[in-house]
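Listed below are the residues making up each chain.
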Amino acid sequence: MAAWLKLKPGSAAWLLVHECRLAFYDMGESKPGRAAARGMSVFGMWLIGLMYVSAHVGVWLLMRKMPPLQEAVPAPLLMGAGIAMLAVFSFMLSLGLTRSVRALFERGDLDLLLSSPLSSKTIFQVRLTGIIFSVGIWFFALLTPVANIGLILGQWRWLGIYPALLAMTVLAAALAMLLTLALVKSLGVRKTKTVAQILGALTGAGMFIISQLFGNLGKEMRDGVLQHIMPWFQPGGALDAESLAWIPAKALFGSPAAITGFLLFSGLVYWLTAQSTHRFFVTGVQQAVGQQRKAIPAGGQNAAQHATHFGRSLRATIIVKEWRLIARDPNLISQVLLQLLYIAPLFFLIFKSKALLPGVASGLVFLAASLAGSLIWIIIAAEDAPDLLQAAPVKANLILTSKLLAAVLPILMLILPALLWLLIQQFLLGLAVIACTLAAMLSSAVIHLWQSRPANRAQFNKRGQTQLMAGLLEAATSFSWAACIVVGMLYGVWLAVPLSTAALALGIAWFSRIERNL
């Protein structure tokens, strides 16, 4: 314990401060052609500070008109808060999985730390605590204005938000680390990186997908599900107001007993995670380091075993190469998968209601264009070897068209069932959706081809900040082609407006295009 309380070099507290500093550095913006920023910019910090103060003002205007929180919280409010906390916990777990993969396999500093005089248990505890900090900081910034304003208004029970969020963050980080290490044990390091990133994406979007699926079940099926589960929440049911499942919600509303129990439970999970898995944590790190060394191909017989047989055409080889590069990057898979998950509810709406077809079809066009823009950015702007392609004895047009096909073909295969269904239900609408979808995807592709500057794949989530013009033009064409469906069906004479907007955006992109070495 004494080592945790001293900030001398080599102590646990000193190492934890370093972990928090690295979490701050991760917030920095990296732009093409510039050195990576260490931490958030001054403007970004001022902006977040202003938003935090504004949140306090908004919460104060709302809470001063609300009745004070009583000791006996109404059951509907308690259960609603518990369900909301479950949704927040799913996002925490998603972030925890991402941070665990990064902490174990991507930072590349654990082999150095494990060779230091610090014990492996201390290193693991510090790394796990750093994950707790990096996961919880944003949720504290989002929800603590309610607790602070509650204290100002004399409603001290709202201070339960602080310990409730802390306990949730500790639980999420510990469970994420346990799941990551379990995946390492069962799948190995390489597969774990991919599976954990995909699980993180699924966990974060899980509540949204479940809510959308439930809303699209149909009235009779929804009534049947509600009739089956509502007795669970009635007095005497498994999930009534006295159930242990609502202890986190009771802690949120300031119950001292619930706060104590929730903190003790999360602390116990943290302690058990740190005590029982730190040895396997060391083994996982050694596996990761060993795999990186084995990844370097050796000469002789191993080189012959890794020889590639080109049995495809050149175009097919380029397309498969692009798909392989994406498949090998777990971060990209998880980020693109999120967009795929948000497309899923549209399929249920298309197959369910003919009355909603025009609006839903427009959404399908927009999302297909957005996904095409993401893939073409990865394939064109984040190309790792543009100089090598430029020097290849192949026509540039062949390379570019192959890359465009590599971005468009997966999306067409994904939405093909919905397009066929539309053709069967409403032939003209189906043709219009196919035409607008192809036009929207092609527009997004050529805009990024003309506008996106060379970047690396780590900038995928920040591409809108670093390449603002391409993002704005892509959004303009995507909205325009999506609007063509609704405007064409409801206000036929105005169809020229979205068509003109799309053409104008493409014209701006072409006239301001950049030179690309492909």
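Up top is the structure.
My aim in this report is to walk through the structure given alongside it, one point at a time.

### Considerations on the overall build of the chain
A count of helical and extended segments in the chain gives 21 helices and zero strands. By residue count, 42% of the 518 residues in the chain fall in the buried class. Looking at the chain alone, contacts between residues at least 24 apart form 77% of all its contacts between residues at least 6 apart. Per element, the accessible surface of the chain, about 27600 Å² overall, is 69% carbon and sulfur.

### Here's the deal with the side chain of Ser444
Topologically, Ser444 is positioned in helix α18 (residues 427-451). Discounting chain neighbours no more than four positions away, the residues touching Ser444 are Ala369, Gly373, Ile376, Glu474 and Ser478.

### Focus: the packing of aromatic side chains
Overall, the coordinates contain four aromatic pairs when judged by the stated rule. Here Phe140 and Tyr162 contribute two aromatic rings whose centre-to-centre distance is 6.2 Å and whose plane-to-plane angle is 45°, an arrangement assigned as tilted. With Phe140 in helix α6 (residues 120-152) and Tyr162 in helix α7 (residues 161-187), the pair connects residues that are 22 residues apart, well separated along the chain. Since its relative accessible area comes to 21%, Phe140 is described here as partly exposed.

### With respect to the state of the cysteines
Two cysteines, two sulfur atoms, one covalent bond between them: this is a disulfide. Throughout the structure, instances matching the rule amount to zero disulfides. Counting only cysteine sulfurs, Cys436 is the nearest neighbor of Cys484, a cysteine outside any disulfide, at a range of 4.9 Å. Residue classification places Cys484 among the buried positions, given a relative accessible area of 6%.

### A closer look at the pattern of salt bridges
The final tally for this structure, using the stated rule, is one salt bridge. Between Glu19 and Arg127 there is a salt bridge; the shortest N-O distance is 3.0 Å. One end of the pair, Glu19, is in helix α2 (residues 12-25); the other, Arg127, is in helix α6, and 108 residues separate them in sequence.

### Side note on the nonpolar core
Nonpolar side chains tend toward joint burial in soluble globular proteins. Residues Met92 and Met177 are the most contacted members of the largest nonpolar core, which totals 55 residues. Looking at this core, the elements that each hand over two or more residues are α2, α3 (42-63), α4 (75-106), α5 (110-114), α6, α7, α10 (247-252) and α11 (256-294). Take this core: its biggest share by element is 14 residues, from α7. Non-local contacts of Met92, meaning those with residues more than four positions away in its chain, are made with Val135, Phe139, Leu165, Met168, Thr169 and Ala172. Grouped together as the second largest cluster of nonpolar side chains are 38 residues, Ile326, Ala381, Leu419 and Ala482 included.

### Focus on the environment of Ser255
Here Ser255 is to be found in the loop between α10 and α11. The sequence separation of Ser255 and Val73 amounts to 182 residues, and the corresponding C-alpha distance is 9.8 Å.

### Remarks on a nonpolar patch on the surface
A cluster of nonpolar side chains, contributed by Val53, Val57, Trp60, Leu61, Ile152 and Leu153, occupies part of the molecular surface with about 530 Å² of accessible area. For the nonpolar patch, the element with the highest residue contribution is α3, accounting for four residues. A relative accessible area of 46% means that Val57 is categorised as partly exposed.

### Some points on the side chain of Glu474
Residue position: Glu474 is located in helix α20 (residues 468-490). On the basis of relative accessible area, Glu474 is assigned to the buried category, the value being 11%.

### Brief notes about the environment of Cys484
Structurally, Cys484 can be placed in helix α20. Considered as a pair, Cys484 and Leu499 are 15 residues apart in the sequence and their alpha carbons are 7.1 Å apart. Apart from residues no more than four positions distant in its own chain, Cys484 is found in contact with Cys436, Leu495, Pro498 and Leu499.

### Some points on the packing of α2 against α6
Between α2 and α6, the shortest axis-to-axis distance is 9 Å and the interhelical angle comes to 35°. Handedness of the crossing formed by α2 with α6: right-handed. Contacts between α2 and α6 pair Ala12, Leu15, Leu16, Glu19, Cys20 and Ala23 from the former with Thr122, Val126, Arg127, Thr129, Gly130, Phe133 and Ser134 from the latter.

Rules and cut-offs
- Residues numbered from 1 in each chain as written.
- Predicted model: local features only at pLDDT ≥ 70, side-chain atom pairs only at ≥ 80, totals over all residues.
- Heavy atoms only, no water.
- Helix = DSSP H or I, 4+ residues; strand = E, 2+ residues; numbered from the N terminus.
- Buried < 20%, exposed > 50% of the residue type's maximum accessible area, 1.4 Å probe, protein only.
- Contact = heavy atoms within 4.5 Å.
- Areas by Shrake-Rupley, 256 points an atom, 1.4 Å probe, with all protein chains shown as cover.
- Phe/Tyr/Trp six-rings, centres within 6.5 Å; stacked < 30°, edge-to-face > 60°.
- Disulfide = S-S within 2.5 Å.
- Salt bridge = Lys/Arg side-chain N within 4 Å of Asp/Glu carboxyl O.
- Core = buried A, V, L, I, M, F, W, Y, C linked by side-chain atoms within 4.5 Å.
- Patch = residues over 30% accessible without salt bridge, like charges linked within 9 Å, V, L, I, M, F, W, Y side chains within 5 Å.
- Axes fitted to C-alpha atoms, helices over the stretch in contact; angles between N-to-C directions.
- Left-handed = near helix turned anticlockwise from the far one by under 90°.

Distances and angles like these do not, on their own, reveal function.
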